[in-house]
Amino acid sequence: GRGAGIISHPALFAALQRIGVPLDDSYGVDVPIRATHDRSGATIATLAVQQIFTTWGRLHQLLREAFPPGRYHFGAAFDRLAQDERGVTAHFAGGATARGELLVGADGVRSTVRARLAPAARPHYAGYIGWRGLAEESALTPAVHRELIDKFIFCLPPREMMLCYPVAGFTNSTRPG
């Protein structure tokens, strides 16, 4: 896969609609409630906030389907870019180039594209550990399922952050179960 969950925001929806990506129930999981739990798992606060959650894999699949295969450059090491009033040219190791109106650097946390465009922007330890993981919905007990499935849950012990929310499944399915 391509990582765990992603919380969708209006700017993302606007960008997806602009490039023609259909936004229907297959995009993600609609979650109406935020909740905070203490260390024992007891709910200490809730807030009604409607958000849609999906996985990086589902978002990647939708983007790949929206563009012609020639627009993706897998296995090519980005070297530099040249930009003018008409667009951008990406230069790759080995001499290949690609020209377009927009360059998307989807090359990970240690992005070469970001390093070239914003060299001062570097990963920096935030002072806490963020726990991430995925579990099959079918593996949850009925009680855990009732407690978790319709919420975006925060648990914030000292120097840690744990989030829990439903996302598209391993096969990118958003159907319950």
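Please read all numbers here as calculations on a predicted model, not as lab measurements.

Q: Break down the sheet that holds strand E4 (residues 78–84) for me, with residues and values.
A: Read across the sheet, 3 strands follow the order E4-E5-E6 without closing on themselves; strand pairing throughout is antiparallel. Both outer strands of the open sheet, E4 and strand E6 (97–100), are each paired with one neighbouring strand and no more. Averaged over neighbouring strand pairs, the angle between their axes works out to 15° when direction is ignored. Strand direction decides the pairing type here: E4 and strand E5 (residues 87–92), joined by 6 bridges, are antiparallel. Bridging from a neighbouring strand, Gln83 pairs with Val88 of E5.

Q: With reference to specific residues and values, describe the side chain of Thr55.
A: Relative to the helices and strands, Thr55 is located in strand E3 (residues 43–55). Exposure remark for Thr55: the relative accessible area of 6% places this residue in the buried category. Other than its neighbours up to four places away in sequence, Thr55 contacts Ala4, Gly5, Ile6, Val167, Ala168 and Asn172.

Q: I'd like a rundown of the pairing of E5, residues and numbers included.
A: For E5, a buried count of 6 out of 6 residues is recorded, marking the element as mostly surrounded by other parts of the structure. Side chains Gly87, Thr89 and His91 project from E5 onto one buried face, and the interleaved Val88, Ala90 and Phe92 project onto a second face that is buried too. Counted along the chain from E4 to the antiparallel partner E5, the turn is 2 residues long. When E5 meets E6, the two strands line up antiparallel, connected through 4 bridges.

Conventions used here
Residues numbered from 1 in each chain as written. Predicted model: local features only at pLDDT ≥ 70, side-chain atom pairs only at ≥ 80, totals over all residues. Heavy atoms only, no water. Pairing = 2+ DSSP bridges. Helix = DSSP H or I, 4+ residues; strand = E, 2+ residues; numbered from the N terminus. Axes fitted to C-alpha atoms, helices over the stretch in contact; angles between N-to-C directions. Buried < 20%, exposed > 50% of the residue type's maximum accessible area, 1.4 Å probe, protein only. Contact = heavy atoms within 4.5 Å.

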